[in-house]
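Coordinate analysis (summary)
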Amino acid sequence: MGNLLEVEKLKVSFRSHGGEVQAVRGVSFHIEHGEVLAVVGESGCGKSVTAQAIMKLLPKRGCSIKEGSIVFEGNDLLKLSANKMKRLKGSQISMVFQDPMTSLNPTMKIGHQIAEGIIKHKGLDKRKAKGRALELLKMVGIPNPEARYDQYPHELSGGMRQRVLIAVALACDPKLLIADEPTTALDVTIQAQILDLMKDLQQKLGTSIMLITHDLGVVAEMAQKVIVMYAGIVVESGTAEDILEHPKHPYTLGLLNSLPNYETAEKERLIPIEGTPPDLYAPPAGCPFAARCNYAMEICVQEMPESFETENGHHSRCWLNDPRAPKVAEFAAAGRDGT
Amino acid sequence: MYIVKRLLTMLLTIWVITTLTFVVMHAIPGDPFASDSDVLPEEVLNNMRAKFNLDQPLPVQYVLYLKNLASFDLGPSIESETRDVNTLIAEGLPASALLGFQALVIAIVFGMALGIIASLFHNRTIDYGAMAVAILGISIPSFILAPLLIKFFAVKWGMLPVASWGTWQHTILPSVALAAGPLAIIARFTRSSMLEVLKQNYMKTADAKGLGTAGIIVKHGIRNAVIPVISFMGPLVAHLLTGTFVIEKIFAIPGLGKYFVDSIFNRDYPVILGTTIFFSVVLIVTLFLIDLSYRLIDPRIKLTSRGD
Ligand SMILES: Nc1ncnc2c1ncn2[C@@H]1O[C@H](COP(=O)(O)OP(=O)(O)OP(=O)(O)O)[C@@H](O)[C@H]1O
Ligand code: SF4
Ligand SMILES: [Mg+2]
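About the criteria used
- Residues numbered from 1 in each chain as written.
- Chains lettered and ligands numbered in written order.
- Predicted model: local features only at pLDDT ≥ 70, side-chain atom pairs only at ≥ 80, totals over all residues.
- Heavy atoms only, no water.
- UniProt positions renumbered as here; feature names shortened; annotations may be inferred.
- Near = heavy atom within 4 Å.
- Polar contact = N/O pair within 3.5 Å; in protein donor to acceptor, adjacent residues only side chain to side chain.
- Areas by Shrake-Rupley, 256 points an atom, 1.4 Å probe, with all protein chains shown as cover.
- Helix = DSSP H or I, 4+ residues; strand = E, 2+ residues; numbered from the N terminus.
- Nonpolar A, V, L, I, M, F, W, Y, C, P; charged D, E, K, R; others polar.
- Contact = heavy atoms within 4.5 Å.
- Buried area = accessible area lost by both parts, 1.4 Å probe.
- Salt bridge = Lys/Arg side-chain N within 4 Å of Asp/Glu carboxyl O.
- Expected span 1.5 Å × (residues − 1).
- Buried < 20%, exposed > 50% of the residue type's maximum accessible area, 1.4 Å probe, protein only.
- Disulfide = S-S within 2.5 Å.

The name an unreviewed UniProt entry assigns to chain B is ABC transporter permease, from the organism Fictibacillus terranigra. Under the UniProt heading Subcellular location (unreviewed entry), the entry covering chain B gives this text: "Cell membrane". In UniProt, chain B has this text filed under Sequence similarities (unreviewed entry): "Belongs to the binding-protein-dependent transport system permease family."

Named according to an unreviewed UniProt entry, chain A is ABC transporter ATP-binding protein originating from Fictibacillus terranigra. Comment text from UniProt for chain A, heading Subcellular location (unreviewed entry), reads "Cell membrane". Per UniProt, chain A carries the Sequence similarities (unreviewed entry) text "Belongs to the ABC transporter superfamily."

Residues and elements named next belong to chain A. Contacts to ligand 1 come from 13 residues, most closely from S43, G44, K47, S48 and V49. One of the backbone nitrogen or oxygen atoms of C45 is found 3.2 Å away from an oxygen atom of ligand 1. Within the side chain of K47, one N or O atom sits 2.9 Å away from an oxygen atom of ligand 1. Protein coverage of the free-state accessible area of ligand 1, which is 640 Å², stands at 64%. No other element matches helix α1 (residues 47-54), which puts three residues into the shell around ligand 1. Counted by class, the shell around ligand 1 contains five nonpolar, five polar and three charged residues.

We now examine the interface of chain B and chain A. Listed as interface residues are 24 residues of chain B and, on the opposing side, 25 residues of chain A. Carbon and sulfur atoms make up 54% of the surface buried where chain B meets chain A, a total of about 2200 Å² over both sides. Linking chain B to chain A there are three salt bridges. Ionic pairing is found between K209 of chain B and E116 of chain A, a salt bridge with its closest N-O pair at 2.7 Å. One can count 16 residue pairs in polar contact (both at pLDDT 80 or more) joining chain B with chain A. Counting residues per element, the side of chain B that touches chain A draws most heavily on helix α9 (residues 213-231) of chain B, at seven residues. Of the residues in the side of chain B that touches chain A, the class split is seven nonpolar, nine polar and eight charged.

The terminal C-alpha atoms of helix α6 (residues 158-170) of chain A, which comprises 13 residues, lie 18 Å apart, in line with the 18 Å expected from a rise of 1.5 Å per residue. When you tally the buried positions in α6 of chain A, you get 13 out of 13 residues, the bulk of the element.

UniProt feature "domain: ABC transmembrane type-1" (unreviewed entry): in the numbering of this structure it lies at residues 93-294 of chain B. Between the end C-alpha atoms of residues 93-294 of chain B the distance is 27 Å, and the span holds 82% helix and 0% strand.

Let us now look at the state of the cysteines. Residues and elements named next belong to chain A. This model, assessed by the stated rule, comprises zero disulfides over all chains. Here C63 stays free of any disulfide, with the sulfur of C45 as its closest cysteine sulfur at 16 Å. Owing to a relative accessible area of 10%, C63 belongs among the buried residues under this scheme.

Written as structure tokens, this is what we have:
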């Protein structure tokens, strides 16, 4: 069976007065059926833009997809007519957003907000759609669905609203769910509940998930594969184990060092990565991480590293993986190991 | 409980307005007969003052007026021998209210449509065009717009009657002239409100559901966008319904508008008070109704949630 989603060399730019922001600069990845892919990276690296490109949610003006393809079940979404795309959105591919407080319509009953997609895509009448919506409310763990159905968003807590939004997204049994930092806006305890729910539902329904997150702990718990993004490109990709246990890119290493230990959750020495990502108006010709990298070599500023396959399916865009590069141990010996 | 509280507040407001108007009106020097003092003998004037209780001390006049007001009697008009203030309002109101109502419908329907269309074409030619029209609507005074309308639609093309009051055709031009300003204001408010709504995250959620574009705009957009628009419509509605001096003068319409202005020049105390109170009542009731409808449209506001 082919991949569910294949994104190839995606490039997205925004026009603004200062010039052109190259938000996504040639991103490729794929998601298999039933797989959870985590997308990690610092703020502004292009995670949301990539997700919105798949859902055709990018602003119509001032934003353009320069290059690439987004193939979902054999169809290139970028070439699909607007009508066909509308039929796919919400039924085959759906999305959960970051902020549950503002992502529901404040003047519409939450039940209707779930049911309207069902009516649209499944062609059910109102009564049947309501039945399905009640099922969904129960499925996402909302007690007393009958009463909740007629409530408005302001009557629900943040966690409850995110459950409703998950119900909205899962209403038509999508094959792919894109979750853009679904827990970032929630309290820590609620975060855990929502993640448990998503994990649970994923196992029950077999939905593929593209999970955008800052939290490497979440990655360890949920994802089989990971892509690490930096300044609009994928710098490292592989299985969750590869990435978390044997990172092959200094940026990934930096991310891991800058977070509490995801396994023991104990507060170890946290080392934030110093510096800031490059300006995406005029991205550097070489490795975008060079200015912040402890291992930077001459070639790094001159030439963009190619994608090296270090193990089966584990790729890293870093010159250190070139056979000619010095070993990391040599940097440490020279006192350049910042960690 | 909310309603009872609200009604009491409304009564209190009307009393305050009555009192203030009474005080200010009498603070202006002169009286209704000042202009007649060189033609009529002093005794005649004094007789007339006595007839309207103007010879009594002000506090007495005030109490007498409130007493009548409590039984919905706005008193006699000093200018008009035959008709009291209640009659004046009863005669003038139908024409004014009909014009106002028609103008209101035009202003709301076209104003909102214009605003919504402009917002959907934000920063494009259609948007600029619509807002240019709106700025014209706001800045052209009705005493210029009305004669222009008459010149073209009535005189040049003979499509509609020039002025006066009779058939429904007579109401079209004044209604349009009356609607222009409010229409432009509503268009601008609707546009900015809709632009705000279009940016909201829930619009993205609706888009991600794969709903039709029209459905997204109507069901998720417009309903949320009208809430702030409704909230400023109270004074607009009250003004339109109680008649406007300029338009009624130009089109020779037997409405209420002229009394608001004439009564002040004539120092016709009861008419000044009567029309002011009448306008206030209409305004306050409109605000109340708008508040109620606001609460119906926006579920976040409950009837009991304010002040209880
Ligand atoms: N509507 C827009 N107009 C102009 N630039 C934009 C727009 N949306 C995103 N960008 C730019 O694209 C880049 C990538 O943004 P994106 O939202 O994808 O980041 P992200 O990885 O999702 O970050 P975060 O973790 O903060 O959500 C940013 O530099 C941002 O400035
Ligand atoms: S390519 Fe060079 S600068 Fe870039 S991450 Fe690797 S070592 Fe660092
Ligand atoms: Mg984001």
